[in-house]
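Structural overview for review
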Amino acid sequence: MKESERWSVSSGAIWETQYGYTRAVRVGRYVHVSGTTATESHGNVLGKGDAYEQARHIFAIIADALQKLGSSLTDVVRTRMYVVDILVNGDKVGKAHGEVFQDIRPAATMVEVSGLIAPEFLVEIEVDAILP
């Protein structure tokens, strides 16, 4: 891949065409994964009512997008977690994050939001990766 060449991968979610974005973009060694929710391919919410389960599903979706662009979770250098009701759900999301990134230890930010694109979503996560 040339340094200026751009690749992208789509999740097929309806929001991508509606709002003009894609799941993940790679330019050179840099990969940026859009905010990801626990949504399966038909639009159904995974892990309803459980922030930990939603975060686990999100990290699996992110891992798949990274892999399709020649990257992996070990290349992640930054995570951003947007959490509804951080006092209730923050530790649950943090636990899932720790299970995935315990040995990788990216820079991370977790912020509380009043809501996400649908009320069933308790967490949305985005990541940035740099390939070696």
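Residues numbered from 1 in each chain as written. Predicted model: local features only at pLDDT ≥ 70, side-chain atom pairs only at ≥ 80, totals over all residues. Heavy atoms only, no water.

1. Brief notes about the packing of aromatic side chains
Using the criterion set out here, one finds 2 aromatic pairs in the structure. Between W15 and F121 the ring centres are 6.2 Å apart and the planes differ by 75°, which places this aromatic pair in the edge-to-face class. One end of the pair, W15, is in helix α1 (residues 14–19); the other, F121, is in the loop between β5 (107–113) and β6 (123–130), and 106 residues separate them in sequence. We note that W15, like F121, is buried. Taken together, a centroid distance of 5.5 Å and an interplanar angle of 80° make the contact between F59 and F101 edge-to-face. One end of the pair, F59, is in helix α2 (residues 51–68); the other, F101, is in helix α3 (residues 86–101), and 42 residues separate them in sequence. With respect to class, F59 is no different from F101; both count as buried. Lying over the aromatic face of Y30, R29 brings its terminal NZ or CZ to 5.9 Å of the ring centre. (Phe/Tyr/Trp six-rings, centres within 6.5 Å; stacked < 30°, edge-to-face > 60°. Helix = DSSP H or I, 4+ residues; strand = E, 2+ residues; numbered from the N terminus. Buried < 20%, exposed > 50% of the residue type's maximum accessible area, 1.4 Å probe, protein only. Lys NZ or Arg CZ within 6 Å of the ring centre and 35° of its normal.)

2. Some remarks on the sheet that holds β6
Backbone-to-backbone hydrogen bonds join strands into a sheet, with any given pair of strands oriented parallel or antiparallel. Reading across the sheet, the 6 strands line up as β1-β2-β3-β6-β4-β5 and stay open at both edges, with mixed pairing between neighbours. Two strands lie at the open edges of the sheet, namely β1 (6–9) and β5, each paired on one side alone. Along the sheet, successive strands turn relative to each other by an average axial angle of 10°, direction set aside. Direction of pairing for strand β3 (residues 30–36) relative to β6: antiparallel, over a ladder of 5 bridges. Residue V33 lies in a different strand from β6, and its bridge partner there is V127. Strand contacts of α2: β1, β2 (24–27), β3, β4 (76–84) and β6, with the helix running at about 30° to β6, the strand carrying the most contacts. The strands touched by α3 within the sheet are β4, β5 and β6, with β4 carrying the most contacts at an inclination of about 155°. (Pairing = 2+ DSSP bridges. Axes fitted to C-alpha atoms, helices over the stretch in contact; angles between N-to-C directions. Contact = heavy atoms within 4.5 Å.)

3. Description of unusual backbone geometry
What is expected of a backbone is that most residues other than glycine have negative phi and most peptide bonds are trans. Phi at D85 is positive, roughly 55°, even though this residue is not glycine. On the secondary structure map, D85 appears in the loop between β4 and α3. A positive phi is found at R105, a non-glycine position, where the angle reads about 55°. Mapped onto the elements, R105 comes out in the loop between α3 and β5.

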